[in-house]
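The primary structure of each chain is shown beneath.
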Amino acid sequence: MRAWTRWQDCGTVLLGVILAATPLVLETTSDVASTWTALVFGGLMVLIGFYAASMPEPTAGVEGIPLIIGLALFVAPWILSFTRVPEMAWTTWIIAGLLALNAAAELLALPQQSAAA
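Here goes a summary of the coordinates provided. What you see is a predicted model, and the numbers here were worked out from it, not measured in a lab.

The rules behind each value
- Residues numbered from 1 in each chain as written.
- Predicted model: local features only at pLDDT ≥ 70, side-chain atom pairs only at ≥ 80, totals over all residues.
- Heavy atoms only, no water.
- Helix = DSSP H or I, 4+ residues; strand = E, 2+ residues; numbered from the N terminus.
- Buried < 20%, exposed > 50% of the residue type's maximum accessible area, 1.4 Å probe, protein only.
- Expected span 1.5 Å × (residues − 1).
- Phe/Tyr/Trp six-rings, centres within 6.5 Å; stacked < 30°, edge-to-face > 60°.
- Salt bridge = Lys/Arg side-chain N within 4 Å of Asp/Glu carboxyl O.
- Patch = residues over 30% accessible without salt bridge, like charges linked within 9 Å, V, L, I, M, F, W, Y side chains within 5 Å.
- Areas by Shrake-Rupley, 256 points an atom, 1.4 Å probe, with all protein chains shown as cover.
- 1 Å grid on protein atoms, 1.4 Å probe; cavity = no way out; pocket = protein on both sides within 12 Å on 5 of 7 lines; lining within 4 Å.
- Points joined across faces, edges and corners; volume = space filled by probe spheres on them.
- Nonpolar A, V, L, I, M, F, W, Y, C, P; charged D, E, K, R; others polar.

## Quick notes on unusual backbone geometry
Step number 1: Look at glutamate 27: it is not a glycine, yet its phi comes out positive at around 55°.
Step number 2: Along the chain, glutamate 27 falls in the loop between α1 (7-25) and α2 (32-54).
Step number 3: Although it is not a glycine, serine 81 adopts a positive phi angle of roughly 55°.
Step number 4: Here serine 81 is to be found in the loop between α4 (65-79) and α5 (86-108).
Step number 5: Judged by its relative accessible area of 42%, serine 81 falls in the partly exposed class.

Here is the structure:
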């Protein structure tokens, strides 16, 4: 598989851009916790998406990072107490779910290692 050809990595980048832009689009920048969560996690998603896309061969270690980010993003509204901003909480949960599904697709698309290796 060649670099820059996996749709899952492009999906991770797209979800990161959407998440980072959400506080500006929904005009919820007054809530510091939700804004910084969206910017930091969105930026991480974009970076790991570009890094994974640039690799000639995908590896489980790199392709599994979006799953970890998705799980952390899912619990962030409760841990950082921004469930009182429903627009950001729901956006975070939806993006986290989509990211987890995308990461699962990435991991399932990895080439299978032979048992003899």
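Moving on, there is more to tell.
## Description of α1
Step number 1: With 19 residues, α1 extends 25 Å from end C-alpha to end C-alpha; this agrees with the ideal 27 Å at 1.5 Å per step.
Step number 2: Within α1, the full set of buried residues consists of Gln8, Asp9, Gly11, Thr12, Val13, Leu15, Gly16, Leu19, Thr22 and Pro23.

## Looking at the packing of aromatic side chains
Step number 1: Applying the stated criterion to the full structure yields 4 aromatic pairs.
Step number 2: Seen from their ring centres, phenylalanine 74 and tryptophan 78 are 5.6 Å apart, and the 65° between their planes marks the pair as edge-to-face. Pair noted here: phenylalanine 74 and tryptophan 78 are both in helix α4, with a separation of 4 residues, about one helical turn.
Step number 3: On the numbers, 5.2 Å between centres and 90° between planes, the contact of tryptophan 90 with tryptophan 93 is edge-to-face. Placement of the pair is tryptophan 90 and tryptophan 93 together in helix α5, with a separation of 3 residues, close to one helical turn.
Step number 4: Taken together, the aromatic side chains of Phe74, Trp78, Trp90 and Trp93 make up a single cluster linked through ring pairs.

## Some thoughts on the pattern of salt bridges
Step number 1: Summed over the entire model, instances satisfying the criterion amount to 3 salt bridges.
Step number 2: Taking the shortest distance from any N to any O, the salt bridge between arginine 6 and glutamate 63 comes out at 4.0 Å. Highlighted residues: arginine 6 in the segment before α1 and glutamate 63 in helix α3 (residues 60-63), separated in sequence by 57 residues. In terms of burial, arginine 6 and glutamate 63 fall into one category: buried.
Step number 3: The closest approach of N and O atoms between arginine 84 and aspartate 31, which form a salt bridge, is 2.9 Å. Here arginine 84 is found in the loop between α4 and α5, whereas its partner aspartate 31 is found in the loop between α1 and α2, with 53 residues between them in sequence.

## Notes on a nonpolar patch on the surface
Step number 1: Judged by side-chain polarity, Val32, Trp36, Leu39, Val40 and Leu44 come together as a nonpolar surface patch covering roughly 480 Å² of accessible area.
Step number 2: Relative to the assigned elements, valine 32 resides in helix α2.

## Description of empty space enclosed by the protein
Step number 1: Inspection of the entire model under this criterion finds 1 cavity of 30 Å³ or more.
Step number 2: Arg6, Gln8, Asp9, Pro58, Glu63, Glu106, Ala109 and Leu110 are the residues that line the largest cavity.
Step number 3: Residue composition of the lining of the largest cavity, by class: 3 nonpolar, 1 polar and 4 charged.

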